[in-house]
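Listed below are the residues making up each chain.
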Amino acid sequence: MTALPASPASPPLDRWGIALGGARGERFSGQNHLLVTVPGFLEHPEAAIEAATLQNFAKITPQYPGVRAALDPAVCRTWLGALGPLLDEAFGRAEGGWAMQAWFSLVTTPPAALLPIQRLPHVDGTDARQVAMMLYLHRTGHGGTAFFRHKATGLEALTPETWPRYAAAVQAEYGRALPPAAYPTDGAPHFARTHVVAGHFNEAVFYRGNILHSGVIDNAAPLSASPREGRLTINAFFRPAAG
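In this report, the structure presented in the accompanying data block is examined. From a predicted model like this one, the values you see are computed outputs, not experimental measurements.

1. A closer look at the layout of surface pockets
The volume enclosed by the largest pocket comes to roughly 1,100 Å³. Residue lining of the largest pocket: 46 residues in total, with Gln 63, Ile 117, His 122, Val 123 and Asp 124 positioned closest to the centre. Among the secondary structure elements, those contributing two or more residues to the lining of the largest pocket are β4 (98-107), β5 (131-136), α3 (163-174), β9 (213-215) and β10 (232-240). Ranked by residues supplied to the lining of the largest pocket, first place goes to α3 with six residues. For the lining of the largest pocket, the class distribution of residues is 30 nonpolar, 13 polar and three charged. Reported here for the second largest pocket is a volume of approximately 160 Å³. Per-class residue counts for the lining of the second largest pocket are eleven nonpolar, two polar and two charged.

Written as structure tokens, this is what we have:
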């Protein structure tokens, strides 16, 4: 996981409370992937948005089409106390507990400026033990998260063993003609969408990070860099803590 600088400001921890009572799990696609949804995740979502306005957002990696700012590690520690049992039950027990890294994220890159890698569905890594979280904190015309199957290989989740086959197939498909300068929609022609999360305000979803996915971005809608007006999310990765 990428190391990010600590956030400069955050509300008191009692403003970062989370509510997990509405958590529900569902399976999607013929490959039976697990998705856990938690509506009303933050008890005080506006406090998180206010905190986002105080951050020093910056481009962190070439894969992400926007800017990010690290979430206060104290918030991560507070959340883990409640999220650990949920993750254990849904994704398998982590004997040594879970490690978490999280950040505020804003998609800001216009479609015409996307790098080729940003125009395709992606994975967060090939380790099936890594769990991703998306918490939607925007009320824009943009959506949530979509999941995909690569048509030629039939792959929906990538592992170290299947990555070379997938990478070779994608290279063959796009080696002569780059994908259009746009965010993925239905995945055509080489991907098929298997499931979509609407991304309701203050809703969090958890899934394995090695599943092919993409943010649902309206290619015709503006992408503001303002946390109050843009597609603000909190993204997190969870992995079993090192022993």
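We are not done yet, so read on.
2. Let's talk about the pattern of salt bridges
Working definition: two side chains of opposite charge can pair if their charged atoms are close together. Per the counting criterion, the structure on display carries seven salt bridges. For Arg 139, the salt bridge identified is with Glu 46, shortest N-O distance 3.6 Å. With Arg 139 in the loop between β5 and β6 (145-150) and Glu 46 in helix α1 (residues 45-53), this pair connects stretches of sequence that are 93 residues apart. Residue class for Arg 139 comes out exposed when judged on its relative accessible area of 62%. You can call Glu 46 partly exposed: its relative accessible area is 41%. One salt bridge in this structure joins Arg 93 and Glu 95, with 3.5 Å as the shortest N-O distance. Overlapping salt bridges bring together Asp 88, Arg 93 and Glu 95 as one network.

3. A look at the sheet that holds β5
In space, the seven strands of this open sheet follow the order β1-β2-β8-β5-β10-β4-β3, with antiparallel pairing throughout. Edge strands, defined here as strands with exactly one partner in the open sheet, are β1 (24-28) and β3 (66-70). This sheet shows a mean twist of 25° between the axes of neighbouring strands, independent of strand direction. Pairing geometry for β4 and β10, over nine bridges, is antiparallel.

4. Some remarks on α1
What α1 keeps buried is the set Pro 45, Ala 47, Ala 48, Ile 49, Ala 51 and Ala 52. Of the surrounding secondary structure, the elements contacted by the buried residues of α1 are β4 and β10.

5. As for unusual backbone geometry
With an omega of 5°, the peptide bond between Ala 188 and Pro 189 qualifies as cis. With a phi angle near 70°, Ser 29 is a residue other than glycine that sits in the positive phi range. In this fold, Ser 29 is placed in the loop between β1 and β2 (33-38). When its relative accessible area of 27% is taken as the criterion, Ser 29 is described as partly exposed. Unusually for a residue other than glycine, Asn 32 sits at a positive phi of about 65°.

6. Focus on the side chain of Thr 153
Counting through the fold element by element, Thr 153 comes out in the loop between β6 and α3. One polar contact links Thr 153 to His 150, side chain to side chain, over a distance of 2.8 Å. A polar contact is formed between the side chain of Thr 153 and the backbone nitrogen of Leu 155, at a distance of 3.3 Å. Those residues in contact with Thr 153, other than ones at most four positions away along the chain, are Arg 165, Tyr 166 and Ala 169.

So, how was this worked out
Residues numbered from 1 in each chain as written. Predicted model: local features only at pLDDT ≥ 70, side-chain atom pairs only at ≥ 80, totals over all residues. Heavy atoms only, no water. 1 Å grid on protein atoms, 1.4 Å probe; cavity = no way out; pocket = protein on both sides within 12 Å on 5 of 7 lines; lining within 4 Å. Points joined across faces, edges and corners; volume = space filled by probe spheres on them. Helix = DSSP H or I, 4+ residues; strand = E, 2+ residues; numbered from the N terminus. Nonpolar A, V, L, I, M, F, W, Y, C, P; charged D, E, K, R; others polar. Salt bridge = Lys/Arg side-chain N within 4 Å of Asp/Glu carboxyl O. Buried < 20%, exposed > 50% of the residue type's maximum accessible area, 1.4 Å probe, protein only. Pairing = 2+ DSSP bridges. Axes fitted to C-alpha atoms, helices over the stretch in contact; angles between N-to-C directions. Contact = heavy atoms within 4.5 Å. Polar contact = N/O pair within 3.5 Å; in protein donor to acceptor, adjacent residues only side chain to side chain.

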